[in-house]
Amino acid sequence: MDSHYITYIDISHEKREVKIFVDGESVSIGLTDFEVLDLPANGPIDEYTFDQIKYFETKLKCMKKAVKALSYSALNSFKLKQKLSSDFPKEIVDEIVSSLASKKYIDDEYLAARACESYCYGKLYGPKKIKLQLRSKGYNSHEIDDALASIPEEDFYNNMQKLQHKKLKLIDGEAEADVLKSLFYKYGYTDSQIYEYIQNYR
């Protein structure tokens with residue numbers, strides 16, 4: 001049953017947007033979505049087609065909000081989905097974020113590597129704590145492992161040295177080893193790194 005009526009369609013190839021005047025109101029959708037519709041330039045449409053138009057309108061609004069958010073700061077997929085999920089359905093959010101990632105507007109692997117470097121060289125965290133921090137920001141195991149693999153092992157030992165000089169007064173004997181272990185565990189270094197450092201670096 002035809003229950004809606006299109007009176008005019010305005011196509012902007014420059015903006016890649018289409019304004020559809022339906023039932024006396026203007027609805028904007030993306031040009032790519034418009035091209036999959038078979039709309040009359042002037043005439044009636046059924047309820048299913050109208051629902052498609054409204055779905056595509058929501059998609060365009062979601063895309064615009066996503067692009068605006070990315071213009072303010074670099075966000076990974078997880079953080080961007082969080083920003084969008086309060087205003088848009090999950091299926092649309094997932095589609096928009098996936099589309100932006102495929103076009104490299106979002107690069108989770110790059111952002112994971114930069115965050116990993118910041119935790120390593122800025123906060124002197126070890127691999128275990130870096131993993132926890134990256135997981136909390138929504139990075140997956142593959143992205144985390146690749147980010148950690150980009151940090152030379154020697155750099156972690158150099159950071160442990162910096163921590164020792166920064167956080168501890170020099171203590172002789174076994175007490176020093178115990179204090180160092182406690183400090184390095186707190187900062188997220190592995191058992192093997194702690195053993196290696198205490199045996200060969202301090």
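Preceding block: the structure.
The paragraphs below set out a description of the structure included in this document.

Here we come to the side chain of Gln-193. Tracing the chain through its elements places Gln-193 in helix 10 (residues 191–200). Contacts of Gln-193, omitting those with residues within four sequence positions, involve Pro-127, Glu-153, Phe-156, Tyr-157 and Met-160.

Below, the discussion takes up the pattern of salt bridges. Going through the model one piece at a time under the given rule, you end up with 9 salt bridges. For Lys-64, the salt bridge goes to Glu-17, with nearest N and O atoms at 3.0 Å. Highlighted residues: Lys-64 in helix 2 (residues 47–72) and Glu-17 in strand 2 (residues 17–22), separated in sequence by 47 residues. Between Lys-61 and Glu-57 there is a salt bridge whose closest N-O contact spans 4.0 Å. In this pair, Lys-61 and Glu-57 are both assigned in helix 2, 4 residues apart and thus about one turn of the helix distant. Lys-61 gets classed as partly exposed once you look at its relative accessible area, which sits at 48%. Judged by its relative accessible area of 12%, Glu-57 falls in the buried class. Overlapping salt bridges bring together Asp-33, Lys-59 and Glu-95 as one network.

The rules behind these values
- Residues numbered from 1 in each chain as written.
- Predicted model: local features only at pLDDT ≥ 70, side-chain atom pairs only at ≥ 80, totals over all residues.
- Heavy atoms only, no water.
- Helix = DSSP H or I, 4+ residues; strand = E, 2+ residues; numbered from the N terminus.
- Contact = heavy atoms within 4.5 Å.
- Salt bridge = Lys/Arg side-chain N within 4 Å of Asp/Glu carboxyl O.
- Buried < 20%, exposed > 50% of the residue type's maximum accessible area, 1.4 Å probe, protein only.

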